[in-house]
Amino acid sequence: MRIIVISDTHRKLDALYTIFKRHENADFFIFLGDGERELDDIKLVYPYFKVLSVAGNCDFASMAPVVGEVHAMGKKIVYLHGHTHNVKYHPQGLSELARGAGADIVLFGHTHERYYKYADGVHYLNPGSAGNPRDG
C-alpha cells in the first residue's frame, strides 16, 4: 500500500500538483492542512483520487475536521495539522493523543520541518512543508 502524506503548501499549487502527478499510483493521499484552497483545485484535476484532509491554522473558514483517523493495513493512523497540540514547541506532546486514540501512527504538519520519531510503539511523522520548507 502506498500513502502519500503532504502538508503546508501555502498557495503553492505547482508544488501540490507535482506531488500528485508524481504519485498517481498511490492508494490515497493525506493532506495535513494549510493549503486547502489549492487542494480543492487539485481535486478538480484528479477527482478519482482518494484524498483525506484536515484543516490547518491558515485554512480559514474550513469545514474540514481538525483531526482525522484512517485504518490501513491493520494500523490506525491519526492525522492532524498540529497547531491545536503545540507541535512547534514539543511534538512529543502528541503522545497523549496517540494513547487516547490507540494510534499506531500519528501524522502532523505545521512546523514546516520534517520530523520522525518512534516511541512507545507509535510512529510520529511530519513530512515538512511542500510549499515553504524551513529545514532545507
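Provided above is the structure to which this section pertains.
What comes next is a walk through the structure. Note that the coordinates shown come from a computational prediction; the quantities given were computed from them, not determined experimentally. (Residues numbered from 1 in each chain as written. Predicted model: local features only at pLDDT ≥ 70, side-chain atom pairs only at ≥ 80, totals over all residues. Heavy atoms only, no water.)

Side chains of Tyr116, Tyr118 and Leu125 sit close together on the surface and give an oily, nonpolar patch of about 320 Å² of accessible area. Along the chain, the position of tyrosine 116 falls in strand 7 (residues 114–119). Classification of tyrosine 116 as partly exposed rests on a relative accessible area of 48%. (Patch = residues over 30% accessible without salt bridge, like charges linked within 9 Å, V, L, I, M, F, W, Y side chains within 5 Å. Areas by Shrake-Rupley, 256 points an atom, 1.4 Å probe, with all protein chains shown as cover. Salt bridge = Lys/Arg side-chain N within 4 Å of Asp/Glu carboxyl O. Helix = DSSP H or I, 4+ residues; strand = E, 2+ residues; numbered from the N terminus. Buried < 20%, exposed > 50% of the residue type's maximum accessible area, 1.4 Å probe, protein only.)

Here we come to the packing of aromatic side chains. In the structure shown here, the tally under the stated rule is 9 aromatic pairs. Here phenylalanine 20 and tyrosine 46 contribute two aromatic rings whose centre-to-centre distance is 6.1 Å and whose plane-to-plane angle is 20°, an arrangement assigned as stacked. Here the residue phenylalanine 20 occupies a position in helix 1 (residues 13–22), and tyrosine 46 occupies one in the loop between helix 2 (36–45) and strand 3 (51–53), the gap between them amounting to 26 residues. Assessed through its relative accessible area of 5%, tyrosine 46 is described here as buried. Considering the side-chain rings of tyrosine 48 and phenylalanine 49, the 5.0 Å spacing of their centres and the 90° angle between planes classify their relative orientation as edge-to-face. Judged by relative accessible area, which is 59%, tyrosine 48 ranks as exposed. Its relative accessible area of 14% is what places phenylalanine 49 among the buried residues. (Phe/Tyr/Trp six-rings, centres within 6.5 Å; stacked < 30°, edge-to-face > 60°.)

Put simply, helix 1 and helix 2 touch, their axes get as near as 10 Å, and they point 40° apart. With respect to helix 2, the axis of helix 1 lies oblique. You can see that helix 1 and helix 2 cross each other, and the crossing is right-handed. In this structure, helix 1 contributes Leu13, Leu16, Tyr17 and Phe20 to the contact, and helix 2 contributes Glu38, Leu39, Asp41, Ile42 and Val45. Here the residues of the contact of helix 1 with helix 2 are counted per class, giving 7 nonpolar, no polar and 2 charged. (Axes fitted to C-alpha atoms, helices over the stretch in contact; angles between N-to-C directions. Parallel < 35°, antiparallel > 145°, perpendicular 65-115°, else oblique. Left-handed = near helix turned anticlockwise from the far one by under 90°. Contact = heavy atoms within 4.5 Å. Nonpolar A, V, L, I, M, F, W, Y, C, P; charged D, E, K, R; others polar.)

All quantities given are derived from atomic positions and should not be read as evidence of function.
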